[in-house]
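Fold and contact review
So you can see what is in the structure, the chains are spelled out below.
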Amino acid sequence: MARKLLEAGADLPASFFKVSQSMVNATLSTHRLAAAVLMLCAMSAANAAPVVVSQLGGATGWTSGDTRTVTGAASNAAQIASQIQFLGDGVVSADANGGTPDASLNGSHLGKGAVRLDGMASNSGKTDIGYLNMNGIAGANALVDSSFSLSFRHARDPNPNQPRTVGQSISIANGLSNCGVTNNQSCYYTFSYVDPTLGANTWLTANITADSGEYYLYGAGAAGGAGPRKTLADWALDATWGSLLNDDNVDDYNVVRLGFNIGSSSRFGLVYVDWLQTSLLNGGEMIDFAAPTPAQVPEPQTLALVAVALLGVVAARRRSR
């Protein structure tokens, strides 16, 4: 600005240029502080901290899905609370049928507890928990990418002594309703994994990639639990169903839900999920299911407070000019 005024023949005192330079320096400092704020926010987003899930709903996005009573009817809120319980280690809590099962397992991650899912007293019952985002968590083709990974720690109650294990589900959809034999069913499909290891009262860890871990496929026209069971990479090569995992169609599918369930046909089963870690959620950081505890300020919020403080410094500089 000063140079333009000189070129125009303006007669300005030397003090003008000192003031102008001071303003420029202040502006540069303000910009540097603003850049620091943006960098902190970017660091917070890029380095997601572990998420603790100790209740349904809220900011975590974990909710009940297809949860049913012993008669197969949809469970109401109170019934869901009895079928999905967030318990600490070594806690005895009545099941949804009014029975008194074993105490919850000890040795959960950091001793914070786990979520317990109830198989109910009838094969018509079912309990389901999952993270849902119908706008899409990722493209379905992410399931067959070399970077895809999914691990979770789980256990089962041995009483009564039946091999009831937790199911891990990945659901995909494309928002259309022209699927099935009659071409009028929702285009929503679920890959369902059941860990073949049947240890009871023991924490087990399942590790899944595109090439390891076999899934059943449920949905319009699919065989479901009748089989076959394949890795995600093999499903991508399937002549009938491979298109679900492709990304070369106008009606591409997206991953819209990841979760866990027990039932149908798993009556009297009680299963626990300690944590989940997948490349598709929370930047790959752990999602820890735990008993409710007093609210604590997580690391991302701490960074946000620092960012707010820096913004306050920026505002103060502006007011002082």
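Structure shown above.
Reference entry: report on the structure contained in this document. What you see is a predicted model, and the numbers here were worked out from it, not measured in a lab. (Residues numbered from 1 in each chain as written. Predicted model: local features only at pLDDT ≥ 70, side-chain atom pairs only at ≥ 80, totals over all residues. Heavy atoms only, no water.)

1. Details of the packing of aromatic side chains
The test is simple: Each pair of aromatic rings taken from Phe, Tyr and Trp, with Trp reduced to its six-membered ring, is defined by centres within 6.5 Å and is described as stacked if the planes are under 30 degrees apart, edge-to-face if over 60, and tilted in the remaining cases. Strands here are runs of E lasting at least two residues and helices are runs of H or I lasting at least four, both read from the DSSP assignment and numbered beginning at the N terminus. Only protein chains enter the area calculation, which uses a 1.4 Å probe; residues under 20% of their type maximum are buried, those over 50% are exposed, and those in between are partly exposed.
Under the counting rule described, the total for this entry stands at 10 aromatic pairs. Each ring, one from F152 and one from Y193, has its centre 6.2 Å from the other, and the planes form 85 degrees; the classification is edge-to-face. Separated by 41 residues along the polypeptide, F152 in strand β7 (residues 149-156) and Y193 in strand β9 (residues 188-194) bring together distant segments of the chain. Classification of F152 as buried rests on a relative accessible area of 0%. Ring centres 6.1 Å apart and planes at 65 degrees place the aromatic pair Y189 and Y253 in the edge-to-face group.

2. A look at the nonpolar core
Under the convention used in this document: Here, the term nonpolar core denotes a set of buried Ala, Val, Leu, Ile, Met, Phe, Trp, Tyr and Cys residues that are joined through side-chain atoms within 4.5 Å.
Judged by nonpolar contacts, the single largest core of 45 residues is most densely connected at F260 and F289. Among the elements that line this core, the one with the most residues is strand β12 (residues 254-262), at 4 residues. Core analysis: the second largest hydrophobic core is formed by 5 residues, L105, A155, W203 and Y272 among them.

3. Some details on the side chain of K126
Put simply, the rule is: The criterion used for residue contact is that any of the two residues' heavy atoms lie within 4.5 Å.
Mapped onto the fold, K126 is located in the loop between β4 (114-118) and β5 (127-132). The exposure class assigned to K126 is buried, which follows from its relative accessible area of 16%. Beyond its immediate sequence surroundings of up to four residues, K126 is in contact with D66, T67, R68, Q83, D118, M120, N261, I262, G263 and S264.

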